[in-house]
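Spelled out from the first residue to the last, the chains are:
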2 protein chains.
Amino acid sequence: MKRVKLTVAYDGTNYCGWQVQPNGITVQEVLNRHLSELTGETIETIGASRTDAGVHALGNVAVFDTRVRMPGEKFSFALNQRLPEDIRIQESREVPETFHPRYVESEKTYEYQILNRRFPIPTERFYSHFTYVPLDIEKMQEAGGYLLGEHDFKSFCGAGAQVKTTVRCIHALDITKEADKITIRIRGNGFLYNMVRIIAGTLMEIGGGAYPPAHMRAILEAKDRKAAGPTAPARGLTLVQIKYPDSAFNAP
Amino acid sequence: MKRVKLTVAYDGTNYCGWQVQPNGITVQEVLNRHLSELTGETIETIGASRTDAGVHALGNVAVFDTRVRMPGEKFSFALNQRLPEDIRIQESREVPETFHPRYVESEKTYEYQILNRRFPIPTERFYSHFTYVPLDIEKMQEAGGYLLGEHDFKSFCGAGAQVKTTVRCIHALDITKEADKITIRIRGNGFLYNMVRIIAGTLMEIGGGAYPPAHMRAILEAKDRKAAGPTAPARGLTLVQIKYPDSAFNAP
């Protein structure tokens, strides 16, 4: 028996998110089916991040256990032959059986893309959130600064989340603009349900002048979802990378 | 009666190209229908560039004549309310009735995007051509240099084209690479049928080492389609801009 780790990229547009659920097709379900067909076993992957419907990934992580003799690094090629065009394995490798993509500490990087111009661009419509309201990225950058470090992010936690603690640590939050596209890149040790989309929605309100950047501190301190801005649409969000410490891959 | 010029952006993925044709839905057809509904007239637009199936546009140009009293610049807003999400008018304005988007001389800019890495990225699949063959962009840049200026581009003209002359002038050809994405940006006074895609296909062969950059000169001199490389897939191509001289908009 061996455990194989997959780095999974997908276009979330046509999926009801990552996790298997009864209401529609999910990325995990498609992955499980093709892995089961490939191996002849009943494979159920364990995913690192349960991305929502419409959210994209460049580097979500999943693991599965198999008795098949194929070397770990060959699964990427074999799976990509079978998977639909909107899911592509970026890397596969064998890892210790003790490696669990959610229980091992990691650093996640997300990007939220905003198209800020007069009219939408059709080719960008599934991969960015469009707004014609001019956004002041300097104000957004200033507001983003208040979120750096360890805080209770309860104000940025979507309803229905079941977590022991809403304290998280944001390691970096960069806001850049290239032509008409604003990118919020955020890196941290973990994110609450909808946290990145609520941060993006709040930063957009500040960029549009709804309230001053320093108000971000009051939003944090309120520890109340109603204090923050709206949840920005899923289409703008991409899970870029999940980074594990090298020690996570040492045999026990 | 007035003539209105539209700058049209579209995602070409789901269209059989620009021009009205019996075999499938086209961008022009959708535009004509919505313009006719909006004006209550029978509108037939005249397009500048008849892009192929799957080719995208940020700035194709079309004109139409109408007796409707709406100011030219308002058509963009009114049309975007009606059009499907994969077509968006970027600008509308009144122009002299003598302005014809194909008969007035113009400069066109195209971009061809190549994703050059080990595995495809799902979110890029409709907007770039993927190849895992490592491409040497310095070789591509050197080869591209031979195409600058006025030449007979018969070797780069797709079958079925009916043109008086295959002489065209390329004003600029820039090849840049950012992360895994190579962009061929090409600007000229006009392009033959499939010319940009055949140039892209030939540059890719040179970048992959099939023949040396200097062979581009021999391909040009052959004046034979068979001398050049394959026609690169439509999905990588975007018509970025069509620029007319200011004088084209002077009343006669």
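Since the structure is predicted, the reported quantities are computational estimates derived from the model, not experimental observations. (Residues numbered from 1 in each chain as written. Chains lettered and ligands numbered in written order. Predicted model: local features only at pLDDT ≥ 70, side-chain atom pairs only at ≥ 80, totals over all residues. Heavy atoms only, no water.)

**Things to note about the domain arrangement of chain A**
It is common to give the size of an interface as the accessible area that goes away when the parts come together. Residue and element names in this part refer to chain A. Our working rule: Delimitation of the domains relies on an automatic or database domain assignment. The contact definition used throughout considers only heavy atoms, calling two residues in contact when any of these lie within 4.5 Å. By definition, the buried area sums, over both parts, the 1.4 Å-probe accessible area that each loses when the two are put together. Only one rule defines a salt bridge in this text: a Lys or Arg side-chain nitrogen within 4 Å of an Asp or Glu carboxyl oxygen.
Here chain A is partitioned into domain 1 (2-104) and domain 2 (107-241). Each of domain 1 and domain 2 has a C-alpha centre, and these two points are 27 Å apart. The interface of domain 1 with domain 2 comprises 14 residues on the first partner and 14 residues on the second. Both faces combined, the contact of domain 1 with domain 2 buries some 1,000 Å², and carbon together with sulfur accounts for 55% of it. The largest contributions to the domain 1 side of the interface with domain 2 come from Asp52, Val55 and His56, which together make up 43% of the buried area. Summed over the shared surface of domain 1 and domain 2, the result is 1 salt bridge.

**Details of the interface of chain A and chain B**
Here is the rule: Nitrogen and oxygen atoms within 3.5 Å of one another constitute a polar contact, given that in protein one can donate a hydrogen and the other can accept it, and given that sequence-neighbouring residues count only through two side-chain atoms. A run of DSSP states H or I qualifies as a helix once it reaches four residues; a run of E qualifies as a strand once it reaches two. Both are numbered from the N-terminal end. Charged means Asp, Glu, Lys or Arg here, nonpolar means Ala, Val, Leu, Ile, Met, Phe, Trp, Tyr, Cys or Pro, and polar covers whatever is left, Gly included.
Contact with chain A, which involves 27 residues of that partner, is made by 27 residues of chain B. Here chain A meets chain B over a buried area of about 2,200 Å², counting both sides, of which 57% is carbon and sulfur. A per-residue breakdown of the area chain A buries against chain B is headed by Phe119, Pro122 and Arg125 of chain A, which together make up 27% of the total. On inspection of chain A and its partner chain B, the count reaches 6 salt bridges. In this assembly, chain A and chain B are joined by 8 residue pairs in polar contact (both at pLDDT 80 or more). Elements supplying a minimum of two residues to the side of chain A that touches chain B: β1 (2-10), β3 (56-66), α2 (75-82) and β4 (87-95) of chain A. When residues of the side of chain A that touches chain B are assigned to their parent elements, the largest contribution, 4 residues, is made by β4 of chain A. Class assignment of the residues belonging to the side of chain A that touches chain B gives a composition of 12 nonpolar, 6 polar and 9 charged.

**Some thoughts on helix α1 (residues 27-39) of chain A**
Residue and element names in this part refer to chain A. To keep things clear, this is the line we draw: One less than the residue count of a helix, multiplied by 1.5 Å, gives the span that helix is expected to have. Partly exposed describes any residue whose relative accessible area lies between the buried limit of under 20% and the exposed limit of over 50%, with all areas from a 1.4 Å probe on protein chains only and scaled to the type maximum.
With 13 residues, α1 should cover 18 Å at 1.5 Å per step; its first-to-last C-alpha distance of 18 Å lies within 8% of that length. Burial in α1 covers these residues: Val27, Gln28, Val30, Leu31, Asn32, His34, Leu35, Ser36 and Thr39. Contacts made by the buried residues of α1 are with β1, β2 (46-47), β3, α2 and β4.

**Structural notes on the relation of the copies chain A and chain B**
Defined as follows: Overlaid copies result from least-squares superposition on C-alpha atoms, with residues included only where pLDDT is at least 70 in both.
Between chain A and chain B, the superposition needs a rotation of 180° and an axial shift of 0.0 Å, giving an RMSD of 0.0 Å. Taken together, the rotation and translation describe the operation of a two-fold axis.

**Thoughts on the packing of helix α3 (residues 137-145) of chain A against helix α4 (residues 195-207) of chain A**
Residues and elements named next belong to chain A. So the rule is basically this: Structural elements are reduced to axes, namely lines fitted to C-alpha atoms, with helices fitted over the stretch in contact, and the angle between N-to-C directions of any two is expressed from 0 to 180 degrees. In these notes the angle categories are as follows: under 35 degrees is roughly parallel, over 145 is roughly antiparallel, 65 to 115 is roughly perpendicular, and the rest is oblique. Throughout, a crossing is termed right-handed when the near helix is turned clockwise from the far one, and left-handed when it is turned anticlockwise from it by less than a right angle.
One can describe the packing of α3 onto α4 by two numbers: an axis separation of 8 Å at closest approach and a directional angle of 135°. When the interaxial angle is binned, α3 and α4 end up oblique. Crossing hand, α3 versus α4: right-handed. Listed contacts from α4 to Lys139, Met140, Ala143 and Gly144 of α3 are Leu203, Met204, Ile206 and Gly207. When its residues are assigned to classes, the contact of α3 with α4 shows 5 nonpolar, 2 polar and 1 charged.

**Observations regarding the packing of aromatic side chains**
Formally: Any two of the Phe, Tyr and Trp rings considered here, Trp counted by its six-membered ring, make a pair once their centres fall within 6.5 Å; the pair's planes then place it as stacked at under 30 degrees, edge-to-face at over 60, or tilted in between.
As enumerated under the stated definition, the model contains 19 aromatic pairs over all chains in all. Summarising the aromatic geometry, the rings of Phe64 of chain A and Phe75 of chain A are spaced 5.3 Å apart at their centres and angled 75° between planes, so their arrangement reads as edge-to-face. With Phe64 of chain A in strand β3 and Phe75 of chain A in helix α2, this residue pair connects regions lying 11 residues apart in the sequence. Phe64 of chain A gets classed as buried once you look at its relative accessible area, which sits at 2%. Given the relative accessible area of 0%, Phe75 of chain A is considered buried. When the centroid spacing of 6.2 Å and the interplanar angle of 80° are considered together, the rings of Tyr244 of chain A and Phe249 of chain A count as edge-to-face. Residue class for Phe249 of chain A comes out buried when judged on its relative accessible area of 16%. Clustering of aromatic rings is evident, with ring pairs tying together Phe126 and Tyr127 of chain A together with Phe126 and Tyr127 of chain B.

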